[in-house]
Amino acid sequence: RCAGRVEVQHDGRWGTVCDDDWGLPDAAVVCRQLGCGAALAAPPGAWFGEGSGPIWLNGLRCRGTEERLVLCRHRGWRPHVCAHEEDASAVCSGRVCTDTPHPWLPGAAPVLTPVSLPGAPTLRLVGATGRCAGRLEIFHDGHWGTVCDDLWGLPDAAVVCRQLGCG
C-alpha cells in the first residue's frame, strides 16, 4: 500500500502528478504525508500504470522536508500539458504504513515474487504492482518476515534490486 502512482484531489476531482522534475525529495514528502516511512524511489514514466482524469500538478520542487505535498513549489493547480505516460510514482519503505488503502497511492493486489540466487536468501517484494516494487520480505526458518528500515538506504535497495534481477 506504500507504493504506487501519486494521485491528488483538487476541486473534488482526483488526478495525477506529472513526473517532470519529479525526484526523491518529492517522493519523500508523499511517503511522509501518508505515514509510509522513507522514500526508496521516485520512478518516472507511469511506473505503476497510467492514471486518468486531469494531471493536476507539474514541475514539483519539493525540498524533501515539507510535511505535505501542497507545501512544495509547483506550476499551479490546473490541468497541465503532460501525458499520463508521465504520471509520477513513489515507492516508500512502508515501515509505518497501515493496512487501510489511502487514495493518494491506491492499493493494488499484492504481487508475490519469491526469487532466490544460489547461496542467497529468498526475497520477495509485496504490496505493489509489478515484481520490482513493494515492501521487502525475506524467507527465513520457514517463515516470511519484513526487513527493518533502520540504517536502510539506496545502496541496500540497489543490492535487492540486483538480486531480484530488477536492475
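Below you will find a few notes about this structure. (Residues numbered from 1 in each chain as written. Predicted model: local features only at pLDDT ≥ 70, side-chain atom pairs only at ≥ 80, totals over all residues. Heavy atoms only, no water.)

**What to know about the nonpolar core**
- With 23 residues, the main nonpolar core has V6, V17, W22, V30, L57, L60 and L69 as its most contacted residues.
- Residue assignment for this core shows that the elements contributing at least two residues are helix 1 (24–34), strand 5 (55–57) and strand 6 (89–92).
- Sort the elements by how many residues they give to this core and helix 1 lands first, with six residues.
- If near-sequence neighbours (up to four positions away) are discounted, L57 is found in contact with V8, T16, V17, C18, L69, H74, G76, W77 and H80. (Core = buried A, V, L, I, M, F, W, Y, C linked by side-chain atoms within 4.5 Å. Buried < 20%, exposed > 50% of the residue type's maximum accessible area, 1.4 Å probe, protein only. Helix = DSSP H or I, 4+ residues; strand = E, 2+ residues; numbered from the N terminus. Contact = heavy atoms within 4.5 Å.)

**Looking at the state of the cysteines**
- Going through the model one piece at a time under the given rule, you end up with three disulfides.
- What pairs with C18 in a disulfide is C82, and their sulfur atoms sit 2.0 Å apart. Taking the sign of the S-S torsion, about 75° here, the bridge from C18 to C82 comes out right-handed. Here C18, found in the loop between strand 3 (13–17) and helix 1, pairs with C82, found in the loop between strand 5 and strand 6; they are 64 residues apart in sequence, far enough to count as distant. The pair formed by C18 and C82 is uniform in burial state, with each residue classed as buried.
- Disulfide pairing is shown between C62 and C72; the S-S distance is 2.0 Å. What sets the handedness of the C62 and C72 disulfide is the S-S torsion sign, and at about 105° it is right-handed. Of this pair, C62 sits in the loop between strand 5 and strand 6 while C72 is found in the loop between strand 5 and strand 6, placing the two residues 10 residues apart along the sequence. (Disulfide = S-S within 2.5 Å.)

Purely geometric stuff here, so don't read any function into it on its own.
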